Every structure is written in C-alpha cells, then in structure tokens.
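# Observations on chain architecture
Residue-level listing of the chains:
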Amino acid sequence: MIDLHGFSAQLLAGTALTIELALASAALGTLIGLALSALKLSRSKLGRGFADLYTTIFRGVPELLIVLLVYFGATIALTSLSRALGGEEPIELHPFLAGTLALGLAFGAYATEVFRGAFQALPRGQIEAARALGMSRFLAFRRIALPQVWRFALPGLGNIFLVLLKDTSLVSVIGLEELMRKTSIAVGFTKEPFTFYLAAAVIYLVMTIISMIGLGALERHANRGVRRAAR
Amino acid sequence: MSGNVIAESIPKLLDGAALTVELVAIALAIGIVLAVPLALARVSGRLWLNGPVYGYVFFFRGTPLLVQIFLIYYGLSQFETVREGPLWPILREPYWCAIIAFTLNTAAYTAEIIRGGIQGVPHGEIEAARALGMSRLLVLRRIILPRAFRLALPAYGNEIIILLKASALASTITLLDLTGVARTIIARTYMPIELFAMAGAIYLVITFMITRAIKALEHRLSPHTRPPRPA
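Residues numbered from 1 in each chain as written. Chains lettered and ligands numbered in written order. Predicted model: local features only at pLDDT ≥ 70, side-chain atom pairs only at ≥ 80, totals over all residues.

### A closer look at the overall build of chain B
What counts is decided by this rule: The secondary structure listing takes helices from DSSP runs of H or I that are at least 4 residues long and strands from runs of E that are at least 2 residues long, numbered from the N terminus. For the exposure call, what matters is how many other C-beta atoms sit within 10 Å of a residue's own: 20 or more marks it buried, 12 or fewer exposed, and in between partly exposed, using C-beta atoms placed from the backbone. A pair of residues counts as a contact when their C-beta atoms, built from backbone coordinates, are within 7 Å of each other.
Helix and strand counts for chain B stand at 10 helices and 0 strands. Listing the helices and strands of chain B from first to last along the sequence gives α-α-α-α-α-α-α-α-α-α. Projecting the C-alpha coordinates of chain B onto the three principal axes gives extents of approximately 70 × 60 × 25 Å. Buried positions account for 33% of the 231 residues belonging to chain B. Contacts in chain B between residues at least 24 apart in sequence constitute 77% of all its contacts with a sequence separation of at least 6.

### Considerations on the overall build of chain A
Within chain A, the secondary structure is distributed over 8 helices and 0 strands. When the elements of chain A are put in sequence order from the N terminus, they spell out α-α-α-α-α-α-α-α. Judged by the C-alpha coordinates and their principal axes, chain A covers about 65 × 60 × 25 Å.

### Looking at the packing of helix 1 (residues 8-40) of chain A against helix 7 (residues 179-190) of chain A
All names here are of chain A. Note the following rule: The axes used here are C-alpha line fits, helices contributing only the stretch in contact, and every angle between their N-to-C directions lies in the interval 0 to 180 degrees. Here the word oblique covers every angle except those under 35 degrees (roughly parallel), over 145 (roughly antiparallel) and from 65 to 115 (roughly perpendicular). Crossings are classed by handedness, with left-handed meaning an anticlockwise turn of the near helix from the far one by less than a right angle and right-handed meaning a clockwise turn. Classification used: nonpolar for Ala, Val, Leu, Ile, Met, Phe, Trp, Tyr, Cys and Pro, charged for Asp, Glu, Lys and Arg, polar for all others including Gly.
It is the contact of helix 1 with helix 7, at a shortest axis distance of 7 Å, that shows an interaxial angle of 160°. In this view, helix 1 runs roughly antiparallel relative to helix 7, as classed from their interaxial angle. Helix 1 and helix 7 meet at a crossing whose hand is right-handed. Note on element contacts: helix 7 touches helix 1 through Leu179, Arg181, Lys182, Thr183 and Ala186, opposite Gln10, Leu11, Ala13, Gly14, Thr15 and Thr18. Per-class residue counts for the contact of helix 1 with helix 7 are 4 nonpolar, 5 polar and 2 charged.

### Observations regarding the interface of chain B and chain A
Taken together, the contact between chain B and chain A spans 27 residues of the former and 29 residues of the latter. Secondary-structure elements contributing two or more residues to the side of chain B that touches chain A are helix 2 (47-62), helix 3 (65-73) and helix 10 (192-221) of chain B. Of all the elements, helix 10 of chain B adds the most residues to the side of chain B that touches chain A, at 8 residues. Class assignment for the residues of the side of chain B that touches chain A results in 17 nonpolar, 9 polar and 1 charged.

### A few points about the nonpolar core
Rules: Under the definition applied here, buried Ala, Val, Leu, Ile, Met, Phe, Trp, Tyr and Cys residues are grouped into a nonpolar core through C-beta atoms within 7 Å.
Counting 91 residues, the largest nonpolar core has Ile66(A), Val67(A), Leu68(A) and Ile69(B) as the members making the most contacts within it. If one sorts the elements of this core by residue count, helix 4 (residues 95-120) of chain A sits on top with 12 residues. Among residues more than four places away in sequence, those in contact with Ile66(A) are Phe58(A), Val61(A), Ala102(A), Leu105(A) and Ala106(A).

### Thoughts on helix 3 of chain B
With respect to burial, helix 3 of chain B is a largely interior element, 9 of its 9 residues being buried. Buried within helix 3 of chain B are the following residues: Leu65(B), Leu66(B), Val67(B), Gln68(B), Ile69(B), Phe70(B), Leu71(B), Ile72(B) and Tyr73(B). Next to the buried residues of helix 3 of chain B lie helix 7 and helix 8 (193-222) of chain A together with helix 2, helix 6 (94-120) and helix 8 (136-166) of chain B.

### Side note on unusual backbone geometry
Even without being a glycine, Lys191(A) presents a positive backbone phi close to 55°. Among the secondary structure elements, Lys191(A) is positioned in the loop between helix 7 and helix 8. The phi angle at Tyr190(B) is positive, at roughly 50°, despite the residue not being glycine. Along the chain, the position of Tyr190(B) falls in the loop between helix 9 (178-189) and helix 10.

### Considerations on the environment of Gly157(B)
All names here are of chain B. The topology assignment puts Gly157 in helix 8. Classification of Gly157 by C-beta neighbours within 10 Å gives partly exposed; the count is 18. Sequence spacing of Gly157 and Tyr56 is 101 residues, and the spatial spacing of their C-alpha atoms is 22 Å.

### Observations regarding helix 10 of chain B
Our working definition: What a helix is expected to span follows from its residue count: subtract one and scale by 1.5 Å.
The end-to-end C-alpha separation of helix 10 of chain B is 43 Å, in line with the 44 Å expected for 30 residues at 1.5 Å each. Those residues of helix 10 of chain B that fall on the buried side of the exposure criterion are Pro192(B), Leu195(B), Phe196(B), Ala199(B), Gly200(B), Tyr203(B) and Thr207(B).

### Concerning the confidence of the model for chain B
To keep it simple, the criterion reads: A score from 0 to 100, pLDDT tells how confident the predictor is in each residue.
Averaged over all residues, the pLDDT of chain B is 94; the fraction at 70 or higher stands at 99%. For this predicted complex, the interface score ipTM comes out at 0.90, alongside a pTM of 0.92.

### What to know about the environment of Leu12(A)
Relative to the helices and strands, Leu12(A) resides in helix 1. Each C-alpha atom of the pair Leu12(A) and Leu179(A) lies 7.6 Å from the other, and the pair is 167 residues apart in sequence.

### A word on the environment of Pro90(A)
All names here are of chain A. Summarising the element assignment, Pro90 is placed in the loop between helix 3 (63-84) and helix 4. We classify Pro90 as exposed; it has 12 C-beta atoms within 10 Å. The sequence separation of Pro90 and Thr79 amounts to 11 residues, and the corresponding C-alpha distance is 4.8 Å.

### Some details on the packing of helix 1 of chain A against helix 2 (residues 45-60) of chain A
Residue and element names in this part refer to chain A. It is at 7 Å that the axes of helix 1 and helix 2 come closest, and there the two elements cross at 130°. If you check the angle between helix 1 and helix 2, you find them oblique. In this structure, helix 1 crosses over helix 2, and the sense of that crossing is left-handed. Contacts from Leu36, Leu39 and Lys40 of helix 1 reach helix 2 at Gly47, Arg48, Phe50, Ala51 and Tyr54. Per-class residue counts for the contact of helix 1 with helix 2 are 5 nonpolar, 1 polar and 2 charged.

Structure follows, in structure tokens:
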C-alpha cells in the first residue's frame, strides 16, 4: 500500500466534498436541462432562440472558464450590489456555491440535448391518449411523459454525470477544498507529488466505477417494465 | 480607461489562442497516430493485447485531466531517476508536460472512438474483400480503416472540441494559453467579467470553425449518401 503520511482522513474529507459538489451540480443541471428542453421543443420562437444560445455558449466554452467567470464575476457583482446598499466589505461567493452554479450551468447545457432527444422519442399517441382520457396537461406530463423520458434520458445523463464527476476537480482552482485541492495541500507538506496525485487518481477511478454501477442499477430499475425481444 | 484595457488585451488574447490551437493540434496529431494501434489491440481478441490497452484507456478516461497533468508535471519530479535522466529537460517544461498529458488523454478517447468505427464496418464488406483475395493487411488498409474513420468522424469531431475546451487546463501549469493570458491580464487589471467573456467568445469562434470543418469533411467523405446530381 502507498504511504499517505496520515493524510488519508484529509483526502477522504475532500472526496466527500467532491461527491456533494457532483450531486448538487447534477441536481441543478437536471432542472436546467428539463426546463430548457421544454423551451427548445416549445412553439415560442424567443424561447427556442434562448435555449439554442444557451446550449451553444455553455457547450462551446471551457468548463474552467465558466468556473472562473462565475466565481470572480459573482464576487464583483455581489460586492457592487452591497456597495450600492451601503455595505463596506467585499462579498465573496462561497466556492462551493460558485462551483455548483458553474458546473450545474454546464451540465444543464448537455442535459438539455439529452432531454430533448428523450422527449422526441416519446410516442405522440400516448400523450394524446392521456389527454383524451381527461388528464390535464400537467397530469399527462407527470404520469405518462416523465417516467418514460427518464428511462430514455438515463444513459445520456449517466455519461454527462461521469464527465461532471471529473470536472469537479476544476473547482480546486477557486480554492474549494475538494479532493484535488486537499491532494495539492498534502503534496505541499510531504513533497511527494506522484504518490498523492496517483492516490487522487485512484480515488477518482473508484468514484467512477461506483457511479457506473449505480447508473447501471438505475437503468435496470427504469427499464423494469420493458419487455425485451426473445433471444 | 476600461475600453483601453480591452483594446490592448485583444492581441495578447489572440497570441494565447494561437498557443491553445498549437497545443491541441500537436496533441491531436500524435494522439491519432497512437490511437489506431491501440484500437486495433482492443479489437484483436487477444487478452494480452486487449487487457493492458483497456487498463490504459480506463485510467485516462476515468480520471480528471487535471490529475493527469499534475501527475506528469509535478509528479514525475518526485523520482531522482527522472530528475537526473536524459528526458528531464523535456519533462520539466510545462509546455511539453501539457502536450504529453493532452496526447495520452486524447489517444485513450480516440482509441475507443476508432474501435467503435472498426466494429461498425459491415462484416459483408470484409468477407467480400477477403474473398477477392486481399491479404488481412490489405483489407485493413483499404477497407476497414477508411470505413472506420468515416464512421468515427462525428464522434471524433466531438473529441476535438472536448480537447480544445480541456486545453484551458494548461493555464494551471503556468502556460499562457488563451485562458492563461486572460487570467494574467485579470490579475493586473481585475476585470474578470470582460476578459473571461472575451476569451469565451474566442473559444466559441474556434469551436464553430472546428464544427464547420468537420461537417464539410463529413460531406466530402460521403458522396454515396448524396442524391445524384441532375444531368
């Protein structure tokens, strides 16, 4: 086993924060994705234009740049807001919030495309049938569309979640003490960069493997009622 | 005054963009050369070939690129044999470390993309070529690889854009790529919103050009799917 010089508890604390960051960003991004995919499929020209602009920008700009822009941009905006209200101290957006917001915005752009595909895979007749049975639009969405969209979207969402999990490391750049930052701190003390970055790599690999197992279980659960062709 | 800063930073940002494109182009060129034999090893059906390549691909796809960059740039200096070895003049340069990390990373992703392409080549075409008396090598060169590249092109286009965005991480090891230049100017002027927005716009322009180039290449390489020209 590799000797971590007593830093294993620190690395585990960083791992926990990494997992929290990934889950919070994925939750935010899923909501953004659902809302924007609805806009993309809507009749409103303005709505479609906005959703297209959003996905073009957030899929074409580096995630690192988004993280930096949200963190420094929000800090400047908050500070000038507080100055306008008579405050003195500069206000800094907490790196966890900035990271969640930045990664959630990026996740949302990819999730929008995933959900759009999933909604389009839904047979139209089913929604029409539900409406004909007297369900309201919302009830038809909740009972008929959403459970199936979830099933169609899961593989795509799983892929972007695995990307997100690795992108959480970017938030170390704005000082959040997640796994990557904790590792760099340990490197500063021990002067053993290879050992510690390798340990971090192994932890990311384990998180990836566990996520893949979890996503597989979710997919099996979502597909439980689907009949497969006889082999 | 702020207008002045913006006007002065444009040529610097473009210099940074040139370095970004240079890093990405070199990594892509070497990466694809490495990826072809790796992909062939993956489909070889021989465990001693497939196994190690699978391990390599799994490591580089399952860990953050930031960890890979730090492992190479900071990590390797932990070993005296490296520090006193003949490769040290290369391995201590952030420029070469970034290129090595990007290359190994993109080779892993590209190998899987090409593997998908190879497996997508219809069996009948390979059997037909064999039946015509082509040797295995000739079938590979004339039938399998050209078809696989065409099939893999859309996915490879995505990989180019992902690598372009990921190359922003070069700025974390002091390189003055597009993101690095923006961060340096911000450290002096403290105008993060303006500069990150400008850098983001330049990334978007490069992304757009790559997308267009790939689309044009796809069109050129698939004359058989186009309707015949009117006589």
